[in-house]
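Spelled out from the first residue to the last, the chains are:
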Amino acid sequence: MIGRALFLAVLAVAVALVPAVLYMLVVGHWYRLTLLGLFLIAAVVAFAVAHAGARRHGVVLDERGMHPLESRPEARPDRYAAWTEIADIRAERRAGRTVPVVYLNDPAQRPWRLRAPYSGRALSADASLDEKIFVMRSLWEGYRRGLPPGRERP
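Since the model is a prediction, treat every value here as computed from it, not as a measurement.

Asker: Account for the nonpolar core, with residues named and values stated.
Answerer: Of all hydrophobic cores here, the largest spans 14 residues; its most connected members are M66, W83, I86, I89, V102 and W112. Elements with a contribution of two residues or more to this core: β4 (86-94), β5 (97-104) and α3 (129-143). No other element matches the five residues that α3 contributes to this core. Not counting chain neighbours up to four residues away, the residues in contact with I89 comprise M66, W83, V101, V102, M136, R137 and W140. Counting six residues, the second-largest nonpolar core is a separate cluster that includes L17, A20, M24 and L35.

Take a look at the structure:
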């Protein structure tokens, strides 16, 4: 989350400062306070937007199944999977990152590559990725027979 936020902040600062610097080069006068103000405003806005956007990504795990945090199961039924519909949950390497992948019983549906949790480089790494995947697998194994974990069929 912080890695993406910093990347977006640097990008926003560059987008804000390049036209201002070019203008100041053409005019021949440097407005230092204007540059500092643009830098601070762009950095704060980019970091706030990236942080707010990152908080919407995730997975909700409950007794019914799993679904992405940003969508309601009623609004997008293709983005909801009941525990009984999941065939497997495992970690896979994709583009230099480790992501949880959810395989569904229906072979016509593509596997879900979850956006979070994830591992990546530098500040994009999640130190508790293994624990989160373990929790997802444990819940799936407990609920996949349609009963709460720890309860046996009579």
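Asker: Run through the sheet that holds strand β6 (residues 112-113), naming residues and quoting values.
Answerer: To summarise the sheet geometry, strands pair through backbone hydrogen bonds and adopt either a parallel or an antiparallel arrangement. Pairing in this open sheet of three strands is antiparallel, and the strands run β4-β5-β6 from one edge to the other. Strands at the two margins of the open sheet, each flanked by one partner only, are β4 and β6. Of the strand pairs in this sheet, β5 and β6 are connected by two bridges, and their pairing is antiparallel. Paired with V102 across the strands is W112, a residue of β6. Along the sheet, α3 makes contact with β4 and β5, crossing β4 at roughly 165 degrees.

Rules of the game
- Think of each chain on its own: its residues are numbered from 1, step by step along the sequence as written.
- Only residues with pLDDT of at least 70 are given local features in this predicted model, and only at 80 or more are side-chain atom pairs given and counted; all residues enter the totals for whole chains, interfaces and linings.
- The side-chain values count all of the structure's non-hydrogen atoms but skip hydrogen atoms and water molecules.
- Residues belong to a common nonpolar core when they are buried Ala, Val, Leu, Ile, Met, Phe, Trp, Tyr or Cys residues joined through side-chain atoms within 4.5 Å.
- Buried means the residue's accessible area, taken with a 1.4 Å probe over protein chains only, is under 20% of the maximum for its type, while exposed means over 50%, and partly exposed covers the values in between.
- Helix and strand assignments come from DSSP, with helices taken as H or I runs of at least 4 residues and strands as E runs of at least 2, each series counted from the N terminus.
- Contact definition: two residues touch when any of their heavy atoms are within 4.5 Å.
- For two strands to be treated as a pair, DSSP must find at least two bridges joining them.
- Throughout, an axis means a line fitted to C-alpha atoms (over the contacting stretch in the case of helices), and angles, computed between N-to-C directions, take values from 0 to 180 degrees.

In short, shape yes, function no, at least from these values alone.
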